[in-house]
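So you can see what is in the structure, the chains are spelled out below.
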Amino acid sequence: TVKAAGRGRQCLFDVAIERGFAARREMEEDLHAAVAEDAIDVHYQPQISLATGLPVGCEALARWEHPRHGRVSPADFIPLAERSTLILALGHRVLARACADAATWPGSPRVAVNVSAQQLLENDFVERVTAVLAETGLAPGRLELEITESVLLKINADVLDAIRTLRRIGVTFALDDFGTGYSSLSRLHHLPLDKLKIDQSFTSAMETSDEARGIVATIIDLACKLGLATTAEGVETPSQNAMLRDAGCEQGQGYLYARPMDAQACRRMLGEAWPAGPVPPGLAQVA
Ligand code: C2E
Ligand code: MG
Ligand code: MG
Ligand code: MG
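Conventions used here
Residues numbered from 1 in each chain as written. Chains lettered and ligands numbered in written order. Predicted model: local features only at pLDDT ≥ 70, side-chain atom pairs only at ≥ 80, totals over all residues. Heavy atoms only, no water. Near = heavy atom within 4 Å. Polar contact = N/O pair within 3.5 Å; in protein donor to acceptor, adjacent residues only side chain to side chain. Helix = DSSP H or I, 4+ residues; strand = E, 2+ residues; numbered from the N terminus. Nonpolar A, V, L, I, M, F, W, Y, C, P; charged D, E, K, R; others polar. Axes fitted to C-alpha atoms, helices over the stretch in contact; angles between N-to-C directions. Parallel < 35°, antiparallel > 145°, perpendicular 65-115°, else oblique. Left-handed = near helix turned anticlockwise from the far one by under 90°. Contact = heavy atoms within 4.5 Å.

As recorded by an unreviewed UniProt entry, the chain carries the name EAL domain-containing protein and is attributed to Lichenibacterium ramalinae.

Structure follows, in structure tokens:
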């Protein structure tokens, strides 16, 4: 079960922390090898239009099956990769794989790919992205890059330039986990973006907290005034789906609609007949 797996993972990392530097170093080396062997897998989670109930995109999520320890959560190995330049190679592999997979999807939905601040700060980032688009034949308008608020702290003229250049050719940018980081409204105002992703902590608190509902309504209002779209993360219940839709949120992503799934399952899911409606019937069973 998920819980048992979660506990297992916790144990592994508790042990790693206890054993300290050597164990972490070993995990880092194993991750390095996995990236070099292209053994990092990419799963996809659909993003649903709350107005139509239809999938409009999928987020690419890195997956690592450790040869001895089993599945390691990206919440653990992404920060590990970000401690060194390993995130550059890892991020590039995920981008290349995601674009290649998305190029084969029926209905031409978007693919959203997480990019770390380090990637964005690389001076050949634009060239790398455009090369992947050219190699895979994916239309730039179908690629969305998800950046976190940590990027806002490192924003400079070159980064702004890179974002502007990519947006000009049609690539879109979403600000991930919005509301949990350091973004000041003035920085937000200067960042050329297309979408805010409402963090799942707000989504999950909506049903029980007036404050959380207020925050969500305010984020949607802010996004609207800045000309940005909104996607709510971590939608797990029909009532969250309804509240978000009524508040004017455009898209939802979460276990209610589907869990992340492998590339094959994702292509199959996108090819199915989708009955339009507030909650896609049977979709939660797909994964
Ligand atoms: P994220 O970008 O915010 O991705 C959403 C996370 O929420 C995913 O976790 C997804 O599986 C999970 N999720 C989706 N729906 C639900 C739900 O209804 N309930 C709950 N409780 N969780 C839900 P995942 O796959 O474990 O990824 C964790 C984080 O790791 C991601 O958060 C992202 O920040 C990072 N990450 C994953 N892949 C990559 C990558 O290729 N590059 C970079 N830089 N970061 C990545
Ligand atoms: Mg994301
Ligand atoms: Mg997110
Ligand atoms: Mg998140």
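A look at the site of ligand 1
If you check the shell around ligand 1, you find 21 residues, and the closest are R63, D176, E233, E236 and Y255. Within the side chain of R63, a nitrogen or oxygen atom sits 2.8 Å from an oxygen atom of ligand 1. Between an oxygen atom of ligand 1 and a side-chain N or O atom of D176, the distance comes to 2.9 Å. Put simply, the parts of the chain that give the shell around ligand 1 at least two residues each are β2 (55–66), α3 (74–82) and β6 (172–178). Per-element tally for the shell around ligand 1: the top contributor is β2, with four residues. For the shell around ligand 1, the residue count by class is eight nonpolar, six polar and seven charged.

Here we look at the packing of helix α6 (residues 125–136) against helix α8 (residues 157–168)
At a closest axis distance of 9 Å, the pairing of α6 and α8 adopts a crossing angle of 20°. Judged by the inter-axis angle, α6 sits roughly parallel to α8. The handedness of the crossing between α6 and α8 is right-handed. Listed contacts from α8 to F125, V126, V129 and T130 of α6 are A162, T165 and L166. When the residues that make up the contact of α6 with α8 are grouped by side-chain class, the tally is five nonpolar, two polar and no charged.

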